[in-house]
Amino acid sequence: MKTEDFRYFKNLSKLANTDKGKINFFNQNQKAFFLDASSDEWDDMMKEYAKINNLNENELEKIEEMKWLEIPDTLKLFAFEYCIINGNAYQE
């Protein structure tokens, strides 16, 4: 995991000030959500999203099988907040 990658995506994420900007960041920067290979953050985020939205195992599985750009916008926004804004990897 490279510090300069984290710095790059952290700085880029600061430009995403609107929901549309956050969705675009998500769509264009998949790598930003998986920089730390040893982290369970994406899985933890998915479990939290499922819990908040009362998704059953089947519904969650359908989302996990989607192509990156097909993921619902609500999840893209949630993932941006959870992983990028509040994520452990991006804390200074």
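In what follows, the structure referred to is the one given above.
One structure accompanies this document, and this report is about it. Numbering of residues starts from 1 in every chain and runs along the sequence as written. Two thresholds apply to this predicted model, a pLDDT of at least 70 for residue-level local features and 80 or more for giving and counting side-chain atom pairs, whereas whole-chain, interface and lining totals are computed over all residues. Side-chain metrics in this entry use all non-hydrogen atoms of the structure; hydrogen atoms and water are not considered.

## Quick look at the overall build of the protein
Numbered from the N terminus, helices here are DSSP runs of H or I no shorter than four residues, and strands are runs of E no shorter than two. In terms of helices and strands, the protein carries 5 helices and 0 strands. Residue exposure (1.4 Å probe, protein chains only): buried if accessible area is under 20% of the type maximum, exposed if over 50%, otherwise partly exposed. Residue burial in the protein is summarised as follows: out of 92 residues, 36% are buried. Expressed as a percentage of contacts within the protein between residues at least 6 apart in sequence, the contacts between residues at least 24 apart total 68%. As displayed, the protein offers around 6,200 Å² of accessible surface, 47% of which is attributable to carbon and sulfur atoms. Under the counting rule used here, the positive set is Lys and Arg, the negative set is Asp and Glu, and His together with the chain ends is not counted. By convention, the point assigned to a charge is CZ for Arg, NZ for Lys, CD for Glu and CG for Asp. Treating the 12 positive side-chain charges of the protein as one cloud and the 18 negative ones as another, the clouds have centres 7 Å apart. The contact definition used throughout considers only heavy atoms, calling two residues in contact when any of these lie within 4.5 Å. Note on areas: Shrake-Rupley with a 1.4 Å probe; residue coverage comes only from the protein chains shown.

## What to know about the environment of I85
In this fold, I85 is placed in helix α5 (residues 73–85). Of the residues examined, I85 reaches a relative accessible area of 34% and is grouped as partly exposed. Beyond its immediate sequence surroundings of up to four residues, I85 is in contact with K10, F80 and Q91.

## Describing the pattern of salt bridges
Side chains that differ in charge, positive against negative, can pair when their charged atoms come close. Any carboxyl oxygen of Asp or Glu within 4 Å of a side-chain nitrogen of Lys or Arg constitutes a salt bridge here. Counted by the stated rule, this structure contains 4 salt bridges. A salt bridge links E48 to K51, with the nearest nitrogen and oxygen atoms 3.7 Å apart. Residue E48 and its partner K51 are both found in helix α3 (residues 41–52); the two are separated by 3 residues, about one turn of the helix. Residues D73 and K76 are paired through a salt bridge, measuring 3.9 Å at the closest nitrogen-oxygen approach. Taken together, the positions of D73 and K76, both in helix α5 and 3 residues apart, correspond to about one turn of that helix.

## Considerations on the nonpolar core
Only buried residues count toward a nonpolar core. Its members are Ala, Val, Leu, Ile, Met, Phe, Trp, Tyr and Cys residues joined through side-chain atoms within 4.5 Å. One finds F25, F33 and W42 to be the most contacted residues of the largest nonpolar core, which totals 23 residues. Of all the secondary structure elements, the ones that give two or more residues to this core are α1 (3–13), α2 (19–28), α3, α4 (57–64) and α5. With sequence-adjacent residues up to four places away left out, F33 is seen in contact with F25, F26, W42, W68, A79, F80, C83 and I84.

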